[in-house]
Number of protein chains: 2
Amino acid sequence: MPRAKRSRITVKDLAKDLGMSVSTVSRAFYADAVIAETTRKIVLDRAHEIGYRPNPFAQSLITKKTQIVGMVVSDLTNPFYPEVMTRLTSLLQKQGMNVMLASAEQADGTDEAVDLLLSYQPDLMIVLATNLKSHARERCEAAGAPVIFFNRLSEDGLGHGISCDNVAGGRLAASYLAELGHRELLYVSAFPDASTNVERHQGFREEAMRRGFAAPQVIEAGRFTYEAGYEAGLAVKDLPRRPDGVFCANDIVAIGFIEGVQEGIGLRVPGDISVMGYDNIAMAGWPSHRLTTIAQPLEEMMDATVKLASDLATSTDVAQRILHIPPGRLVERNTVMDWRRAND
Amino acid sequence: MPRAKRSRITVKDLAKDLGMSVSTVSRAFYADAVIAETTRKIVLDRAHEIGYRPNPFAQSLITKKTQIVGMVVSDLTNPFYPEVMTRLTSLLQKQGMNVMLASAEQADGTDEAVDLLLSYQPDLMIVLATNLKSHARERCEAAGAPVIFFNRLSEDGLGHGISCDNVAGGRLAASYLAELGHRELLYVSAFPDASTNVERHQGFREEAMRRGFAAPQVIEAGRFTYEAGYEAGLAVKDLPRRPDGVFCANDIVAIGFIEGVQEGIGLRVPGDISVMGYDNIAMAGWPSHRLTTIAQPLEEMMDATVKLASDLATSTDVAQRILHIPPGRLVERNTVMDWRRAND
DNA sequence: CTGAAAGCGCTTACAG
DNA sequence: CTGAAAGCGCTTACAG
């Protein structure tokens, strides 16, 4: 069967079919174009019948809008991101936008991937998980694509950002552990430059000190991965003081940490040491983990992103917007011990 | 700062800059165009200097090639797919192709998402995880985009396909369990129409019966998810005969199954019941799971996909290709008991 | 409210 | 080997 790359229907065809000019037909597809409503309806109906859609490439050659949003991802071993990615994609598609992907697995590959993506003139870029280097962000903006950082903010504080209030989240973790009788706190840090990491640490530390505790000890896991968390768990034995309450940069790190601490040092969670995460990924609720954590307000974060995206798509000039959405609720499960009750 | 949607550099600009015609400049970007090598080098060098890239939209208006591959995904709670997705994206980008995403979270949403994607005239479609309905596949092909099914084949057997030899994998599972002394086998089935599911079951059953065992019992988990596996684990208590060797449709189902069987029925794995998965996702190696499984030959599968993709991109007529790559190796961990040794 | 014409940024026969 | 011209499928001032 010769795949006869059937030449697709064009405005011309549809115009001839309807006995109208191409101008008129074209106008039917633009809500704010001057055209009789009855004419528009005739065109749209017939278009639907014969399966005509304006060629977006030809369109964008003129409108300079592509309806493409570039999505830069990495770190997909953290289940938080695939979920965000697919749900965001669905939401954006409902707005008529299409998502083009650049995978930034290796830091060095990012640039070329971003450039390739930019040649498609995306209306905007959404950066998930990775820390786009400043010059890459600048290239995006020079190419006319404003960038939205999702969940992590840009290092240089530029670009739009959607994030939850991680400082408040960090405080919440410290309060919770403190209230339950923990005294020797530890923060397990992930990627040191990530705003999420920095802010969660900051909130945790502030709240601990406000309560008159020593500054929490810190283990540098270095990355937001299970493996990094696992190594951090092993590293507990080298700490000057044995911690009783641990707050990890996120869930996947926490899960790795717990397994490291159990396997490597034989400590029990929460019997010997309490551990909390951040995100509330699905896995945190599995019987094998039952991780106490702080939920991200994912719904709100995604809605805000889509809202911002369509604002950026329609209006040419939107002031920098950095949204800090209140952190989600505390999700109590089985990895934190209540020492008050234990001592009753 | 008014974001002055800086008008990008065009062929014209570059031509003027170089004192050449646009034709010549244009030719420099096509390997098989007739142009003096020295001229080409001059053009390319200068293009790189001033950051010129041909506008892919204008290009594809003429060439009818877009360098876009549409990727249809769903089921991203299975960590197997995010990994495939990102690695495949990187590989395709290295070939100069760009990946556009359609998320098919809800079965009903798929169609509109696919249509939207098709309006961008992708050179081909890659379907991960989901079972594109036949009519959707037909629409893709009618729009000139051949489709490659990755890991699962199309229900109607049409379209290109890359998959590992799941029948052989199923046999391998049965042999392994049989050799280790298991006698009462169980298959935990996932999405009933998925080719992977059907073939793994088939191989498992064939090998069991070839060895003179009864046909393995079956629990219908229904989906390739943790939750479905968990429910299946609970359902073990309703089985007429207590199984001792279980093969699950994939790893994530196996992990759920194990937790269901432990939590809900109190059976121990592998003490009371042995369990195997399929895929060898990263999580299968974590201390919390240590799942015995069959690895997918992911590298080979992805290479074959990229190869096929670039064949399809260059040649207009490629015969239907369905590749069954030999299954990966058995990965022995801690969820299968060796009853021979146990009885020594 | 509608149509004829110009033009978006390219590629590719066609001449030379 | 290079250039002038036509044209890909659209949109949008400009007339009417």
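Values in this document were obtained by computation on a predicted structure and should not be read as measured data.

Enquirer: Before we go on, may I ask you to explain helix 5 (residues 80-94) of chain B in this structure?
Expert: Along an α-helix, a turn takes 3.6 residues, which lines up residues three or four apart on a common side. Residues and elements named next belong to chain B. In a regular helix each residue adds 1.5 Å, so 15 residues correspond to 21 Å; helix 5 covers 22 Å between its end C-alpha atoms and thus fits that length. Every buried residue belonging to helix 5 is among Phe80, Tyr81, Pro82, Val84, Met85, Thr86, Arg87, Leu88, Thr89, Ser90, Leu92 and Gln93, and all of these are buried. Where helix 5 ends, the next residue or the one after it, Gly96, has phi of about 85°, a positive value.

Enquirer: Is there a simple way to explain the packing of helix 10 (residues 226-234) of chain A against helix 11 (residues 251-265) of chain A in this structure?
Expert: How two helices pack is summed up by the angle between their axes together with the distance between the axes. All names here are of chain A. Put simply, helix 10 and helix 11 touch, their axes get as near as 6 Å, and they point 40° apart. Comparing their axes, helix 11 and helix 10 come out oblique. Regarding helix 10 and helix 11, the two cross each other, and that crossing is right-handed. Where helix 10 approaches helix 11, its residues Tyr226, Gly229, Tyr230, Ala232, Gly233 and Leu234 are matched on the opposing element by Ile252, Val253, Ile255, Gly256, Phe257, Glu259, Gly260, Val261, Glu263, Gly264 and Ile265. Here the contact of helix 10 with helix 11 is built from residues that sort into ten nonpolar, five polar and two charged.

Enquirer: I would appreciate a short explanation of the relation of the copies chain A and chain B in the present structure.
Expert: Both copies of the chain are related through a single rotation about an axis accompanied by a shift along the same axis. Its rotation angle being 180°, the transformation that places chain A on chain B also includes 0.0 Å of axial translation and leaves an RMSD of 0.1 Å. With respect to symmetry, the two chain copies, as superposed, fit the operation of a two-fold axis. Taking C-alpha positions as the reference, the residue of chain A nearest the rotation axis is Met100 of chain A, at 2.1 Å. Comparing contact sets, 100% of the residues at the interface of chain A also lie at the interface in chain B, consistent with an isologous, same-surface contact.

Enquirer: Is there a simple way to think about the pattern of salt bridges in this case?
Expert: Residue and element names in this part refer to chain A. In total, this model carries 36 salt bridges over all chains according to the counting rule given. Its salt-bridge partner being Arg46, residue Glu49 comes within 2.6 Å of it at the nearest N-O pair. Residue Glu49 and its partner Arg46 are both found in helix 3 (residues 37-50); the two are separated by three residues, about one turn of the helix. Note that Arg171 and Glu206 form a salt bridge whose closest N and O atoms lie 3.4 Å from each other. Pair noted here: Arg171 is in helix 8 (residues 166-179) and Glu206 is in helix 9 (residues 195-210), with a separation of 35 residues, a long-range link. By sharing partners, the salt bridges in this structure join Glu179, Glu207, Arg210 and Arg211 into a single network.

Enquirer: Looking at this structure, I do not really get the interface of chain A and chain B. What am I missing?
Expert: Frequently, the measure chosen for interface size is the accessible area removed from exposure when the parts meet. The partner chain B presents 63 residues to the 62 residues of chain A that form the contact. Across the interface of chain A and chain B, roughly 5500 Å² is buried in total on both sides, 56% from carbon and sulfur atoms. Inspection of the chain A/chain B interface yields 15 residue pairs in polar contact (both at pLDDT 80 or more). A per-element tally of the side of chain A that touches chain B places helix 5 (residues 80-94) of chain A first, with seven residues.

Enquirer: Looking at this structure, I do not really get the environment of Ser189 of chain A. What am I missing?
Expert: Residue and element names in this part refer to chain A. Summarising the element assignment, Ser189 is placed in strand 6 (residues 185-189). The exposure class assigned to Ser189 is buried, which follows from its relative accessible area of 4%. Sequence-wise, Ser189 and Arg200 are eleven residues apart; in three dimensions their C-alpha atoms are separated by 9.0 Å. Residue contacts for Ser189: discarding those within four places in its chain leaves Asn197, Val218, Ile219, Glu220, Ala221, Gly222 and Ala249. Polar side-chain contacts of Ser189 include one of 3.1 Å to the side chain of Glu220.

Enquirer: Mind showing me how you'd approach the protein's contact with DNA strand C here?
Expert: Neighbouring DNA strand C are 27 residues, the closest being Arg27 of chain A together with Val11, Ser26, Tyr30 and Ile62 of chain B. Across the atoms of DNA strand C situated within 4 Å of the protein, the share located in sugar and phosphate is 65%. Contacts to DNA strand C include Ser23 of chain A, whose side-chain N or O atom sits 2.8 Å from a base nitrogen. In this structure, a phosphate oxygen belonging to DNA strand C sits 3.2 Å away from a side-chain N or O atom of Tyr52 of chain B. At five residues, the largest contribution of residues to the surface near DNA strand C is made by helix 4 (residues 56-63) of chain B. When its residues are assigned to classes, the surface near DNA strand C shows 13 nonpolar, ten polar and four charged.

Enquirer: Would you mind going over the sheet that holds strand 6 (residues 185-189) of chain B with me for this structure?
Expert: Strand pairing in a sheet relies on backbone hydrogen bonds, with the paired strands running either antiparallel or parallel. Residues and elements named next belong to chain B. Taken in spatial order, the four strands of this open sheet run 7-6-8-9, and their pairing is parallel. Of all strands in the sheet, those with a lone pairing partner are strand 7 (217-220) and strand 9 (274-276), marking the two edges. Direction aside, neighbouring strands of the sheet carry axes that sit 20° apart on average. In the sheet, strand 6 pairs with strand 8 (residues 245-248) via four bridges, with the strands oriented parallel.

Enquirer: Explain the pairing of strand 3 (residues 124-128) of chain A here, please?
Expert: Along a regular strand, successive side chains alternate from one face of the sheet to the other. All names here are of chain A. In terms of burial, strand 3 is a largely internal element, five of the five residues being buried. Of the two faces of strand 3, the one carrying Leu124, Ile126 and Leu128 and the one carrying Met125 and Val127 are both buried. Sheet analysis places strand 3 next to strand 4 (residues 147-150), joined by four bridges and oriented parallel. Residue pairing in the sheet places Leu128 in a bridge with Phe150 of strand 4.

Enquirer: Mind showing me how you'd approach the protein's contact with DNA strand D here?
Expert: The environment of DNA strand D is made up of 27 residues, and the closest members are Val11, Ser26 and Tyr30 of chain A together with Thr24 and Arg27 of chain B. For DNA strand D, the fraction of protein-proximal atoms (within 4 Å) that sit in sugar or phosphate groups is 64%. For the surface near DNA strand D, the secondary structure elements donating two or more residues are helix 2 (22-27) and helix 4 (56-63) of chain A together with helix 2 (22-27) and helix 4 of chain B. If one sorts the elements of the surface near DNA strand D by residue count, helix 4 of chain A sits on top with five residues. Of the residues that constitute the surface near DNA strand D, the class distribution is 13 nonpolar, ten polar and four charged.

Enquirer: What is the right way to read the packing of aromatic side chains from this model?
Expert: Geometry of an aromatic ring pair is reported as the spacing of the ring centres plus the angle between the planes. Residues and elements named next belong to chain A. All told, the structure shown has 19 aromatic pairs over all chains when counted by the stated rule. Considering the side-chain rings of Phe247 and Tyr278, the 6.3 Å spacing of their centres and the 50° angle between planes classify their relative orientation as tilted. Linking Phe247 in strand 8 (residues 245-248) with Tyr278 in the loop between strand 9 (274-276) and strand 10 (293-294), this pair joins segments that are 31 residues apart in sequence. Exposure class is identical for Phe247 and Tyr278. Each is buried. Over the ring of Tyr278 we find Arg200; its NZ or CZ atom is 3.8 Å from the centre of that ring.

Enquirer: Can you help me understand helix 3 of chain A in this one?
Expert: Residue and element names in this part refer to chain A. A rise of 1.5 Å per residue sets the reference length of helix 3, with its 14 residues, at 20 Å; its end C-alpha atoms lie 20 Å apart and thus fit the reference within 8%. Inspection of helix 3 places Thr39, Arg40, Val43 and Ala47 among the buried residues, and these make up the whole buried set. All buried residues of helix 3 project into a common sector of 100° when viewed along the axis, lining one side. Seen from the open side of helix 3, the exposed residues pointing more than 90 degrees away from its buried face are Glu37, Thr38, Lys41, His48 and Glu49. If you follow the buried residues of helix 3, they end up packed against helix 1 (11-18) and helix 2. Positioned one or two residues after helix 3, Gly51 has a phi angle of 75°, which is positive.

Enquirer: Explain the domain arrangement of chain A here, please?
Expert: Residues and elements named next belong to chain A. Domain assignment breaks chain A into domain 1 (11-54), domain 2 (68-164 + 298-325) and domain 3 (166-296 + 330-343). Taking the mean C-alpha position of each, domain 2 and domain 3 sit 29 Å from one another. If you look at the interface, domain 2 gives 15 residues, while domain 3 gives 17 residues. The junction of domain 2 with domain 3 conceals about 1200 Å² of combined surface from both sides, 50% of it contributed by carbon and sulfur atoms. Here domain 2 is connected to domain 3 by zero salt bridges. Taken together, the connections running from domain 2 to domain 3 amount to five residue pairs in polar contact (both at pLDDT 80 or more). Of all elements in the fold, only strand 5 (160-164) and helix 12 (298-314) reach the threshold of two or more residues within the side of domain 2 that touches domain 3. Looking at the side of domain 2 that touches domain 3, its residues break down into six nonpolar, six polar and three charged.

Analysis parameters
Residues numbered from 1 in each chain as written. Chains lettered and ligands numbered in written order. Predicted model: local features only at pLDDT ≥ 70, side-chain atom pairs only at ≥ 80, totals over all residues. Heavy atoms only, no water. Helix = DSSP H or I, 4+ residues; strand = E, 2+ residues; numbered from the N terminus. Expected span 1.5 Å × (residues − 1). Buried < 20%, exposed > 50% of the residue type's maximum accessible area, 1.4 Å probe, protein only. Axes fitted to C-alpha atoms, helices over the stretch in contact; angles between N-to-C directions. Parallel < 35°, antiparallel > 145°, perpendicular 65-115°, else oblique. Left-handed = near helix turned anticlockwise from the far one by under 90°. Contact = heavy atoms within 4.5 Å. Nonpolar A, V, L, I, M, F, W, Y, C, P; charged D, E, K, R; others polar. Least-squares fit on C-alpha atoms with pLDDT ≥ 70 in both. Salt bridge = Lys/Arg side-chain N within 4 Å of Asp/Glu carboxyl O. Buried area = accessible area lost by both parts, 1.4 Å probe. Polar contact = N/O pair within 3.5 Å; in protein donor to acceptor, adjacent residues only side chain to side chain. Near = heavy atom within 4 Å. Pairing = 2+ DSSP bridges. Phe/Tyr/Trp six-rings, centres within 6.5 Å; stacked < 30°, edge-to-face > 60°. Lys NZ or Arg CZ within 6 Å of the ring centre and 35° of its normal. Arc of directions from axis to C-beta. Domains from an automatic or database assignment.

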